[in-house]
Amino acid sequence: MLEINNLNVSYGKIQVIWNLSMEIKENEAVGIFGPNGAGKSTLINAIIGLINNKEGSIKFNEEEINGLETHQIIKKGVALVPQKRELFPIMTVKENLKLGAAYIPKARDEIEQNLEFVYNIFPILKEREKQLAGTMSGGQQRMLAVGRALMSSPKLLILDEPSVGLQPSLVTDLFKKLNEIKKEDVSILLAEQNVKQGLKVIDRGYVLENGKIELEDDAENLTKNEHIQKSYLGI
Amino acid sequence: MSFSLNKSYKILLLLVIFIVIIGFWNPNALLDGLQRGSLYSLIALPLALVLGILGVLNLAHGEFLTVGLYFIFMLNTRFNLDPLVAIIPTVIFLLILGAIIYWLTIKRVVKEGHLSQLLLTFGISLILIETINIFWTSMARNVYTSYSYASMEIGSFRFGTYELLYILIAVLVLVGLQLFLKKTRLGQATFAVGQNPKGAKIVGINVNYVYLFVFSVAVAILGIVAGTMLPRTAIFPEVGSPFTLKSFALAAMAGMGNLNGILFAGVTLGIGEAVINSIPNYGGWSDIVFFGVLIIVIISRSYRGAR
């Protein structure tokens with residue numbers, strides 16, 4: 001579904017991602033783990049077209065998307081839950097959700113079903129549908145960001161550190177929801193520092209350190225891996 | 001930068017009380033003030049739109065108005081077109097001009113700091129003024145229409161009817177803009193981009209296209225203003241320049257991005273000015289009062305904000 005080959009990404013003269021190759025298969029949940037500054041967000045921003053200083057190939061459903069603009073990539077069926085949520089603060093919850101579908105022709109026809117689906121996963125969003133997004137708590141805003149991304153009927157859902165700034169119980173809760181979403185014919189790319197929680201969602205994972213992939217394996221093997229246990233799980 | 005459509009009922013109530021008092025004390029000043037205020041708001045609206053959504057400070061704003069005025073003047077003298085009818089071709093002309101200027105220049109400073117924007121748009125304003133100077137010289141020009149000095153009498157109170165058009169058009173443009181922002185998909189995209197450009201990109205909005213659209217429409221709205229103004233205004237190459245500063249003042253007083261607030265601010269300042277003008281020998285004070293009121297509003301707001 002997503003195939004990245006020999007990707008190099010730079011900010012100005014500073015190269016952040018080095019010769020990276022990875023893939024995500026149909027209906028697969030893939031994790032990217034790594035410490036702060038490893039290049040997780042940079043990689044995601046490069047995939048989604050928010051960074052243009054990049055070389056290499058990024059193929060989505062066999063189609064080259066490197067060089068396209070963000071809005072074009074989104075329309076092809078990629079959705080992003082950004083680290084900083086990027087909601088519309090003076091619109092209501094429902095307006096935010098609807099905007100998630102309004103500019104994607106395919107999703108526009110499915111707006112009612114998608115809204116129901118999102119309200120089912122996050123009942124709190126239905127309760128608060130008339131509240132302004134900017135007045136909600138951090139955890140609720142995160143749910144809204146996930147909900148908005150789901151409104152676009154994505155084939156690939158990318159989440160950039162969804163656990164950041166959430167209290168542990170909310171993180172557990174959110175990752176349970178991700179497991180529900182996984183059942184719905186959606187591929188997931190999850191960038192996380194919280195490896196312990198992340199491993200419960202993903203099928204396969206990459207470890208990204210200093211802009212290079214250090215390790216790739218399925219979730220079960222990653223859990224047993226010595227480097228992962230020492231550096232990320234504190235065992 | 002945030003962009004709000006909130007209705008400020010308290011301000012509206014104060015304004016109504018203010019208007020009633022002035023109306024009993026000096027009906028002429030009230031009417032004059034309402035007309036000026038509507039005109040100021042009309043001119044400030046597109047500036048506030050560009051400021052609120054693109055975050056671009058456009059110093060050439062007044063000059064786009066001047067271009068519109070001269071374009072209508074040209075249509076009137078060459079083709080004998082009535083200024084109000086000439087609004088239609090002028091709006092189309094300004095829409096295209098705005099789009100071209102956006103693509104060639106403004107596009108490059110949207111993400112830059114305000115200094116680059118000020119320098120660029122100052123340059124554009126000079127180019128526009130000098131171009132007009134070349135074609136029409138600095139001589140003041142007028143357009144005469146049969147209706148521009150029509151007047152009406154109620155009891156012993158006599159007033160010009162033409163300028164009531166300013167009020168009507170200001171309300172129409174404001175309502176039209178609000179409906180567009182609330183009800184259309186492109187309007188919602190505009191509203192979304194104004195709140196969070198990055199968020200807009202990731203819901204699939206073509207942000208550059210929205211910027212182009214908003215800038216062109218903002219310039220085009222000045223075509224409507226130009227057509228209504230021309231029958232009552234003598235034009236010269238710098239005729240639009242003072243409006244840039246007044247528009248900034250209005251946008252600042254209303255609060256960045258508050259469209260309704262612009263109408264309130266415009267009417268308040270317009271009436272303030274008109275009252276001063278109606279006092280014999282004190283006409284020169286009107287600009288001082290205009291900016292004095294502005295400073296008081298901004299200071300009081302910053303105190304409220306600090307609390």
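K.L.:
Explain a negative patch on the surface to me, please; I cannot follow it from the model alone.
P.N.:
Taken together, the side chains of E26, E180, E184 and D185 of chain A make up a negatively charged region of the molecular surface. Among the secondary structure elements, D185 of chain A is positioned in the loop between helix 8 (168-182) and strand 8 (187-192).

K.L.:
Teacher, can you tell me more about the environment of S116 of chain B here?
P.N.:
Its place among the elements puts S116 of chain B in helix 5 (residues 114-136). Residues S116 of chain B and I106 of chain B lie ten residues apart in sequence; the distance between their C-alpha atoms is 9.9 Å.

K.L.:
What is the right way to look at the sheet that holds strand 5 (residues 63-64) of chain A in this model?
P.N.:
Backbone-to-backbone hydrogen bonds join strands into a sheet, with any given pair of strands oriented parallel or antiparallel. All names here are of chain A. As summarised here, the arrangement of the four strands in space is 2-1-4-5, forming an open sheet in which the pairing is antiparallel. The sheet is open, and its two edges are formed by strand 2 (14-24) and strand 5, each paired on a single side. Where strand 1 (residues 2-11) meets strand 2, seven bridges bridge the pair, whose relative direction is antiparallel. From the neighbouring strand, L2 faces strand 2, where its bridge partner is I24. Relative to the sheet, helix 1 (residues 40-48) contacts strand 1, strand 2 and strand 4 (54-60), its axis offset from that of strand 1 by approximately 115°.

K.L.:
Looking at this structure, I do not really get the pairing of strand 2 (residues 157-160) of chain B. What am I missing?
P.N.:
Along a regular strand, successive side chains alternate from one face of the sheet to the other. Residues and elements named next belong to chain B. Where strand 1 (residues 151-154) and strand 2 come together, four bridges link them in antiparallel fashion. Bridged to I154 within strand 2 is F157. Remark: two residues form the turn of the hairpin made by strand 1 and strand 2, two consecutive strands paired antiparallel; G155 in that turn has positive phi of roughly 60°.

K.L.:
Help me out: how do you make sense of the sheet that holds strand 7 (residues 156-160) of chain A in this one?
P.N.:
Residue and element names in this part refer to chain A. Read from one edge to the other, the open sheet built from six strands follows the order 6-7-8-3-9-10, with strand pairing classed as mixed. Each end of this open sheet is capped by a strand with a single partner; those strands are strand 6 (78-81) and strand 10 (212-218). Averaged over all adjacent pairs, the angle separating strand axes in this sheet is 15°, with direction ignored. With six bridges connecting them, strand 9 (residues 204-209) and strand 10 associate as antiparallel partners. Looking at strand 10, one finds that G205 is bridged to D217. The strands touched by helix 1 within the sheet are strand 3 (29-33), strand 6, strand 7, strand 8 and strand 9, with strand 7 carrying the most contacts at an inclination of about 145°.

K.L.:
What is the right way to look at the confidence of the model for chain B in this model?
P.N.:
When pLDDT is low, close inspection of the predicted coordinates is not appropriate. All names here are of chain B. Summarising the model, chain B shows a mean pLDDT of 88, and 95% of its residues fall at 70 or more. Overall, residues 1-5 carries pLDDT values under 50, and its contacts beyond four positions in sequence, including any with other chains, amount to 27 contacts. The complex model carries a pTM of 0.89, and its ipTM stands at 0.91.

K.L.:
I tried to follow the packing of aromatic side chains on my own but got confused; where do I start?
P.N.:
Remark: the centre distance and the inter-plane angle together describe each pair of aromatic rings, the angle taken between the planes. All names here are of chain B. Under the criterion given, the structure shown has 13 aromatic pairs over all chains. For the ring pair F135 and W136, a centre distance of 5.9 Å and an interplane angle of 50° mean the geometry is tilted. Classification of F135 as exposed rests on a relative accessible area of 60%. Ring centres of F180 and F213 lie 5.6 Å apart, and the angle between their planes is 40°; this geometry places the pair in the tilted category. Residue F180 is found in helix 6 (residues 164-183), and its partner F213 is found in helix 9 (residues 207-229); the two are separated by 33 residues along the sequence. Judged by relative accessible area, F213 falls into the partly exposed class, the value being 23%. An aromatic cluster is present here, built from Y40, F243, F290 and F291 joined pairwise through their rings.

K.L.:
I'm lost on the interface of chain A and chain B in this one. Help?
P.N.:
Often the size quoted for an interface is simply the accessible area lost on bringing the parts together. Each partner contributes residues to the interface: chain A has 22 residues there, and chain B has 20 residues. Across the chain A to chain B interface the summed buried area is about 1,900 Å²; carbon plus sulfur atoms make up 63%. By the criterion of area lost to chain B, the three top residues of chain A are F88, I90 and Y103 of chain A, representing 31% of everything that side buries. The interface formed by chain A and chain B includes one salt bridge. Among the ionic pairs, K198 of chain B bridges to E86 of chain A, the shortest N-O distance being 3.7 Å. Applying the counting criterion to the chain A and chain B interface returns seven residue pairs in polar contact (both at pLDDT 80 or more). Taken together, the residues that form the side of chain A that touches chain B break down as 13 nonpolar, three polar and six charged.

Criteria and thresholds
Residue numbers run consecutively from 1 along every chain, following the written order of its sequence. By the order in which they are written, chains take letters starting at A while ligands take numbers starting at 1. Totals for whole chains, interfaces and linings use all residues, but because this is a predicted model, local features are given only for residues with pLDDT of at least 70 and pairs of side-chain atoms are given and counted only at 80 or more. Excluded from the side-chain calculation are hydrogens and water; included are all heavy atoms of the structure. Only residues whose relative accessible area exceeds 30% and that form no salt bridge are eligible for patches; like-charged ones are grouped when within 9 Å, while nonpolar side chains (Val, Leu, Ile, Met, Phe, Trp, Tyr) are grouped when within 5 Å. All accessibility values rest on the Shrake-Rupley procedure with a 1.4 Å probe; residue burial counts only the protein chains present in the view. A pair is scored as a salt bridge if a Lys or Arg side-chain nitrogen falls within 4 Å of a carboxyl oxygen belonging to Asp or Glu. In this tally Asp and Glu are treated as negative and Lys and Arg as positive; neither His nor the chain ends contributes. Charge positions come from single atoms, namely NZ of Lys, CZ of Arg, CG of Asp or CD of Glu. Only DSSP runs of H or I with at least four residues qualify as helices, and only runs of E with at least two residues qualify as strands; both kinds are numbered from the N terminus onward. The criterion for strand pairing is that DSSP finds at least two bridges linking the strands in question. Should any heavy atoms of two residues lie within 4.5 Å, those residues are counted as being in contact. Angles run from 0 to 180 degrees between N-to-C directions of axes, and those axes are lines fitted to C-alpha atoms, restricted for helices to the stretch in contact. A score from 0 to 100, pLDDT tells how confident the predictor is in each residue. Any two rings among Phe, Tyr and Trp, with Trp reduced to its six-membered ring, count as a pair given centres within 6.5 Å; such a pair is stacked if its planes are under 30 degrees apart, edge-to-face if over 60, and tilted if neither. The cut-offs for exposure are 20% and 50% of the maximum accessible area for each residue type, with area from a 1.4 Å probe on protein chains only; residues under the lower value are buried, those over the upper are exposed, and the others partly exposed. Summed over both partners, buried area is the accessible surface (1.4 Å probe) that two parts give up on being assembled. Distance and chemistry together define a polar contact, namely a pair of N or O atoms within 3.5 Å, with one atom able to donate a hydrogen and the other to accept it when in protein, and with adjacent residues in sequence counting only for side-chain atoms on both sides. Each residue gets one of three labels, nonpolar for Ala, Val, Leu, Ile, Met, Phe, Trp, Tyr, Cys and Pro, charged for Asp, Glu, Lys and Arg, and polar for the others, Gly among them.

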